[in-house]
Amino acid sequence: MRKVIEPQLALGQIDIAAIVFNPKSRDDIPQILRGLQHLYLNPDVRRRVFALLAEALPERSEGKGKVSPDTGRPGMAQWTILVLGVLRLGLNADYDRIHELANEHATLRQMLGVGDWQAHVQFELQTLKDNLRLFTPELLDRINQEVVRAGHQ
């Protein structure tokens, strides 16, 4: 069972729209997260991007197509894959850096939907590798086209 994003906020979780970034920060991470927040806040773009993300499913182990998003154990949400995948490409970072950021960077954890009361939630390195493989350059190109299309409107 894989969701694009968890629709119900958990206790201590902050809505993506309410995340505040340090306006004086010159680092590239808040800038990337601010762009993702803008994407999330634009309903038309979000709907189109989420439709593309819903297609990013792993292949079945026996090679008979994609897994069903409605059955099986919970997988990493596609929003999480998008955020970490964009960070990985935007920072030109390896999986070890993404692993460290996902588990230790407070603002990034808010963007991933991990609330203050969920300090026990940790992202394992192998889980990140397995799931971020779904964020292919082709998928990023399709998402970029939707963002550019929205910018022209």
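Refer to the preceding data block for the structure.
We now turn to the structure provided with this report. (Residues numbered from 1 in each chain as written. Predicted model: local features only at pLDDT ≥ 70, side-chain atom pairs only at ≥ 80, totals over all residues. Heavy atoms only, no water.)

Counted under the stated rule, the structure contains three aromatic pairs. Ring centres of Y40 and F50 lie 6.4 Å apart, and the angle between their planes is 50°; on these two criteria the pair is classed as tilted. With Y40 in helix α1 (residues 28-41) and F50 in helix α2 (residues 43-54), the pair connects residues that are ten residues apart, well separated along the chain. Through a chain of ring-to-ring contacts, the aromatic side chains of Y40, F50 and W79 assemble into a single cluster. We note R46 situated over the ring of Y40; from NZ or CZ to the ring centre the distance is 4.8 Å. Looking at R88, its charged tip hangs above the ring of Y95, at a distance of 4.4 Å from the centre. (Phe/Tyr/Trp six-rings, centres within 6.5 Å; stacked < 30°, edge-to-face > 60°. Helix = DSSP H or I, 4+ residues; strand = E, 2+ residues; numbered from the N terminus. Lys NZ or Arg CZ within 6 Å of the ring centre and 35° of its normal.)

Moving on, we come to the nonpolar core. Soluble globular proteins tend to pack their nonpolar side chains together in the buried interior. Judged by nonpolar contacts, the single largest core of 41 residues is most densely connected at L33, L36, W79, L82 and M111. Contributions of two or more residues to this core are made by α1, α2, α3 (78-91), α4 (95-104), α5 (106-111), α6 (125-132) and α7 (137-152). For this core, the element with the highest residue contribution is α3, accounting for eight residues. Excluding residues that lie within four positions of it along the chain, M111 makes contacts with I16, I19, F21, L33, L36, Q37, W79 and V83. (Core = buried A, V, L, I, M, F, W, Y, C linked by side-chain atoms within 4.5 Å. Buried < 20%, exposed > 50% of the residue type's maximum accessible area, 1.4 Å probe, protein only. Contact = heavy atoms within 4.5 Å.)

Once that is clear, we can look at α1. Taking 1.5 Å of rise per residue, 14 residues should cover 20 Å, and α1 covers 20 Å from first to last C-alpha, within 8% of that figure. Next to the buried residues of α1 lie α2, α3, α4, α5 and α7. Capping of α1 at its N-terminal end is provided by D27; its side-chain oxygen lies 3.4 Å from the backbone amide nitrogen of I29. (Expected span 1.5 Å × (residues − 1). Polar contact = N/O pair within 3.5 Å; in protein donor to acceptor, adjacent residues only side chain to side chain.)

Looking now at α4. Turning to α4, its buried residues number three or more, namely Y95, I98, L101, A102 and N103. If you follow the buried residues of α4, they end up packed against α1, α3, α5 and α6.

To continue, consider the pattern of salt bridges. For the coordinates displayed, the defined rule picks out three salt bridges. We note a salt bridge from R133 to D130, for which the minimum N-O separation is 3.9 Å. The exposure class assigned to R133 is exposed, which follows from its relative accessible area of 59%. One salt-bridge network, held together by shared partners, links R48, E146 and R149. (Salt bridge = Lys/Arg side-chain N within 4 Å of Asp/Glu carboxyl O.)

Note on placement: N131 falls in helix α6. Note on N131: relative accessible area 9%, which makes it buried. Along the sequence, N131 and G85 sit 46 residues apart, while their C-alpha atoms lie 9.2 Å from each other.

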